[in-house]
Amino acid sequence: MTDQAAPALKEIFNVERLQHIASEMTAVYPAFDAKGFLKHAKAGLAELSVMQRMARVSESLHAVIPLDYPQTLTLLYALAPRLNSGFVSLFLPHYVASYGRDDFKRSMAALKYFTTFGSAEFAIRHFLLHDFQRTLAVMQAWSQDDNEHVRRLASEGSRPRLPWSFRLAEVQADPELCASILDHLKADSSLYVRKSVANHLNDITKDHPEWVLSLIEGWNLENPHTAWIARHALRSLIKQGNTRALTLMGAGAKAEVKIHHLMVTPAVINLGERINLSFTLESTAPAPQKLVVDYAIDYVKSTGHGAAKVFKLKAFSLGAGAQQHIRREQHIRDMTTRKHYPGRHVVHVLVNGERLGSAEFELRA
């Protein structure tokens, strides 16, 4: 049985959604040119990506609203709580980034407000490019705000490698620039914020792994919120078997375990089907030990050679002489970030960064 295809993400901004925006805009601004807005917004819609469609909405509003920036913002403030999707509300901060860069204070207040309905993470980066120090100072203050959405914006908007956005070269070169933001949020009570802090730090590990390791080594990992951030921030380094990262997670020592019954089933699959990885770990240690278990798949590339991709499994403590059965199902299907090719794929089990066993499956043409 195959999964039913999910609608494309860009369909969040479909014709029905554009009509919804036009209707709600008319409710807050009776003089709104809904017909002109829809004509502008729908032009060539099918060819546009999700982010292009989001930008098109703010451009279309600007094209038909004959008011200045402060007056238009007043209307958008009223529109924000009427929208029926948090993701759709991204066009509001996009409007601010496109038309409000010369009205800094008003625009910062608008982004702080709009981020509570969705996120202003993409928009704030344009202000960082335009006036880095002034914008960063505002974000440092946001990192201590009472609202979790605003605190999250301070971290997410300043990530050096935010997906779907351009890189922040200054932050990528010098992570110390955002150190105060990360410090304010390192024990945040909100999981929404903690995820962002962990992702921000994981971004930094791509360029400055030692900086991140030194930072986290100075944290109080007895705090469960801080420990959660550390564990997720170090995920890329742990996948690479980085000894310092594994040590921070209590799994720096060589694992004293045996692996049994390692299998990948079925042995032969077609694209779009699933594999099941299963195995049992048996402790040979005289005392409990902390284990970080991952697995890697050597994906066949177009050249016929394999390229490993590491996936997280679980981290846990295994008692002396105890056993732990582990199972994971994985869907083998093409994605925007990975295309599959037929051939023999090898799956490796990694425990505390060490490869303990391998199995394989065949992907048919």
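Residues numbered from 1 in each chain as written. Predicted model: local features only at pLDDT ≥ 70, side-chain atom pairs only at ≥ 80, totals over all residues. Heavy atoms only, no water.

How would you summarise the sheet that holds strand S8 (residues 354-363) if you had to cite specific residues and measurements?
Reading across the sheet, the 5 strands line up as S2-S8-S7-S4-S5 and stay open at both edges, with mixed pairing between neighbours. Each of the sheet's edge strands pairs with one partner strand only, and the pair in question is strand S2 (268-269) and strand S5 (306-318). In this sheet, S8 lies alongside S2 in parallel orientation, the contact comprising 2 bridges. Note that in S8 the partner of Ile269 across the bridge is Leu363. (Pairing = 2+ DSSP bridges. Helix = DSSP H or I, 4+ residues; strand = E, 2+ residues; numbered from the N terminus.)

Talk me through the sheet that holds strand S6 (residues 323-331); I want residue IDs and the actual numbers.
Across the sheet, which stays open at both edges, the 3 strands sit in the order S1-S3-S6 with antiparallel pairing between neighbours. Two strands close off the open sheet at either side, each with one partner strand: strand S1 (257-265) and S6. If you compare each strand with its neighbour and ignore which way they point, the axes differ by 15° on average. Two elements, S1 and strand S3 (residues 274-283), share 7 bridges in a ladder whose sense is antiparallel. (Axes fitted to C-alpha atoms, helices over the stretch in contact; angles between N-to-C directions.)

Would you mind going over the domain arrangement of the chain in detail, with residue names and values included?
What the domain assignment reports for the chain is domain 1 (9-249) and domain 2 (257-363). For domain 1 and domain 2, the distance between their C-alpha centres works out to 35 Å. Facing 6 residues of domain 1, the contacting portion of domain 2 comprises 9 residues. Taken together, both faces of the contact between domain 1 and domain 2 bury some 630 Å²; the carbon and sulfur share is 67%. Of all residues in domain 1, the largest losses of buried area upon contact with domain 2 belong to Lys239, Leu246 and Met249, amounting jointly to 68% of the total for that side. Where domain 1 meets domain 2, there are 0 salt bridges. In this structure, the connection of domain 1 to domain 2 is made through 2 residue pairs in polar contact (both at pLDDT 80 or more). Looking at the side of domain 1 that touches domain 2 residue by residue, the class counts come to 3 nonpolar, 1 polar and 2 charged. (Domains from an automatic or database assignment. Contact = heavy atoms within 4.5 Å. Buried area = accessible area lost by both parts, 1.4 Å probe. Salt bridge = Lys/Arg side-chain N within 4 Å of Asp/Glu carboxyl O. Polar contact = N/O pair within 3.5 Å; in protein donor to acceptor, adjacent residues only side chain to side chain. Nonpolar A, V, L, I, M, F, W, Y, C, P; charged D, E, K, R; others polar.)

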